[in-house]
Every structure is written in structure tokens, then in C-alpha cells.
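What the coordinates show
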Amino acid sequence: MICPSDGEVAASIAALRPRGAAWRNGGHDALAGSTMGDFFDALGEVSGEADRRICALVDEYFCSSAVETLDLWALEYGVPDGCDPFADVCEKVNAVGDSIPAYAEAAALRRGWSISIDEEFITTVQSGRLGNGRLGVMRMAAAQGVAWRITVDLANSPAYVAADRRKPLMGRMRLGFAFDCGPAITPLSCLIRRIAPAHADLVFATI
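Residues numbered from 1 in each chain as written. Predicted model: local features only at pLDDT ≥ 70, side-chain atom pairs only at ≥ 80, totals over all residues. Heavy atoms only, no water.

Turning our attention to the overall build of the protein. Helix and strand counts for the protein stand at six helices and five strands. Its helices and strands in sequence order give the protein the pattern α-α-α-α-α-β-β-β-β-α-β, from N to C terminus. When each of the 207 residues of the protein is scored for burial, the buried share is 25%. In the protein, once contacts between residues fewer than 6 apart in sequence are set aside, the share between residues at least 24 apart is 56%. For the protein, the exposed area adds up to about 14500 Å²; of that, 59% sits on carbon and sulfur atoms. (Helix = DSSP H or I, 4+ residues; strand = E, 2+ residues; numbered from the N terminus. Buried < 20%, exposed > 50% of the residue type's maximum accessible area, 1.4 Å probe, protein only. Contact = heavy atoms within 4.5 Å. Areas by Shrake-Rupley, 256 points an atom, 1.4 Å probe, with all protein chains shown as cover.)

All right, on to the nonpolar core then. Side chains of nonpolar character tend, in soluble globular proteins, to be buried together. Ranked by size, the top nonpolar core spans 21 residues in total, and within it Trp113, Ile115, Trp148, Val152, Leu188 and Ile192 carry the most contacts. Those elements giving two or more residues to this core turn out to be helix H5 (101-110), strand S1 (115-123), strand S4 (144-152) and helix H6 (186-195). Beyond its immediate stretch of four places on either side in the chain, Leu188 contacts Ala108, Trp113, Ile115, Val152 and Phe204. Listed in part, the five residues of the second largest apolar core include Cys63, Ala66, Val89 and Cys90. (Core = buried A, V, L, I, M, F, W, Y, C linked by side-chain atoms within 4.5 Å.)

Under the definition given, this model contains four salt bridges. Linking Glu49 and Arg52 is a salt bridge whose minimum nitrogen-to-oxygen distance equals 3.2 Å. Taken together, the positions of Glu49 and Arg52, both in helix H2 (residues 35-60) and three residues apart, correspond to about one turn of that helix. By relative accessible area, which is 41% here, Glu49 ends up partly exposed. We classify Arg52 as partly exposed; its relative accessible area is 35%. Its salt-bridge partner being Arg53, residue Glu68 comes within 2.8 Å of it at the nearest N-O pair. Remark: Arg53 occurs in helix H2 and Glu68 occurs in the loop between H2 and helix H3 (70-77); sequence separation between them is 15 residues. Judged by its relative accessible area of 48%, Glu68 falls in the partly exposed class. Note on Arg53: relative accessible area 42%, which makes it partly exposed. (Salt bridge = Lys/Arg side-chain N within 4 Å of Asp/Glu carboxyl O.)

Time to look at the confidence of the model for the protein. Averaged over all residues, the pLDDT of the protein is 77; the fraction at 70 or higher stands at 73%. When the elements of the protein are averaged for pLDDT, strand S3 (residues 138-139) gives the smallest value, 44, and strand S5 (residues 201-206) the largest, 90. (pLDDT = per-residue confidence, 0-100.)

Attention now goes to the packing of aromatic side chains. Taken as a whole and judged by the stated rule, the model has four aromatic pairs. Taking 5.1 Å as the distance between ring centres and 85° as the angle between the ring planes, the aromatic pair formed by Tyr61 and Phe62 counts as edge-to-face. (Phe/Tyr/Trp six-rings, centres within 6.5 Å; stacked < 30°, edge-to-face > 60°.)

With that settled, the discussion passes to the state of the cysteines. With the rule as written, the count across this model stands at two disulfides. Two residues share a disulfide in this structure: Cys3 and Cys55, whose sulfurs sit 1.7 Å from each other. Taken together, the residues span a long stretch of sequence, with Cys3 in the segment before helix H1 (6-14) and Cys55 in helix H2 at a distance of 52 residues. Classification of Cys3 by relative accessible area gives partly exposed; the value is 26%. The disulfide bridge from Cys63 ends at Cys90, spanning 2.1 Å between sulfur atoms. With the S-S dihedral at roughly -90°, the linkage between Cys63 and Cys90 falls on the left-handed side. Of this pair, Cys63 sits in the loop between H2 and H3 while Cys90 sits in helix H4 (residues 89-93); the two residues are 27 residues apart in sequence, bridging distant segments of the chain. When sorted by exposure, Cys63 lands in the same class as Cys90, which is buried. (Disulfide = S-S within 2.5 Å.)

So, on to H1. When we look at burial in H1, the residues that qualify are Val9, Ala10 and Ala14. Viewed along the axis of H1, the buried residues span an arc of 135°, placing them on a single side of the element. Buried residues along H1 sit in contact with H2. (Arc of directions from axis to C-beta.)

The following block contains the structure:
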């Protein structure tokens, strides 16, 4: 949006004055160098600042061009949030993603995680019956299950920070205990949980 200068604002205000010699014939005669001209120039300086603020407000209407109200955008959209799949508030505002593996993989990659997701659909059998003289007539459930098997490539995931590995202490180690707790990928699991279907089972594996 192109905002008028102070001089242009002053000229537009001066053009509204009445006709007649006392007002230098309205908008027809020049005002430069006159006391009346200085008066309208002063009005232009005051009103010009208001016009510039209104022009700036237009940019604040869109997150991509906002400067002064980004904190209000963040408050409105609940950012920052460690589990959000979005890097910043404007990405969240403009998001057109879906609960599909490809979108989850792209979101994870933006956060520094290299993953691949295999989606499995499962049909649950509610009940089975033998009837009508035929073997194998079955009534299937309407509900469908889904599982996401997520493979995390730790070597190519900059966001992964390996935990300190400590050796087992004598007297503390028991039969069946693991030597370590495995890779810490809680931020990733939190992120994927936000994107995956609510009824999906998430199964993580690391390589």
C-alpha cells in the first residue's frame, strides 16, 4: 500500500476549503508561501503520521508481512509450543498440512529429524459366525485401526542429541535390565503425535 506524503495530505486537506477570495478561491489558487499554506502544511504533518500508522496496520493484517504485532499473532495461535510441527507462527497460520505420513516427514525434517513412516491399516473383526449353510460368513467391524511405524535415522538427524552413556554400577545392575535407556527422541514423538490421526498407534524404531 502506497501512503501519501505529508505534502500530499496537506494538499488534499486544502482542497476541501470553501470557495471564495478569503480562502484563495478554494482549490484553484496556490497556497505556497502564504500563512494559510503554512497552516495546511502543519495539518499535513499531523495527519500524515496518522495516515502512515493506518498504512502500517494493513501490513499487520497478514502474518507474512507483520512486524509490530507478531507477538499478538503468536498469542492467538499458541506459539511457541515445543510439540508444534511448525517452525514459527506464520508457518502455522499458513499451514495446509494433513494427517498423512508425507506431511509428518516434512514437518520432522524442518525440525531436524530424518524419518520415514510406513502406514498400516488394520480391520478388526468384531464377531464371526457360521450360518446360511456356508462356512466363513463373517461380520467385520466398521472401525478401522491404523499404525504408523516410524524409523528415525539418528545419524542424519541434527536435532538428536545423544545422552551421556554411563556404565552399570556394581550392585545396581539386575538381570533383565538394559545397559542404557535408548535414544531420547521425546521431542520427535511429541511432534508426530500432533500430526498423526488421534486413533493411530505410533511405533518408533531407530537406526
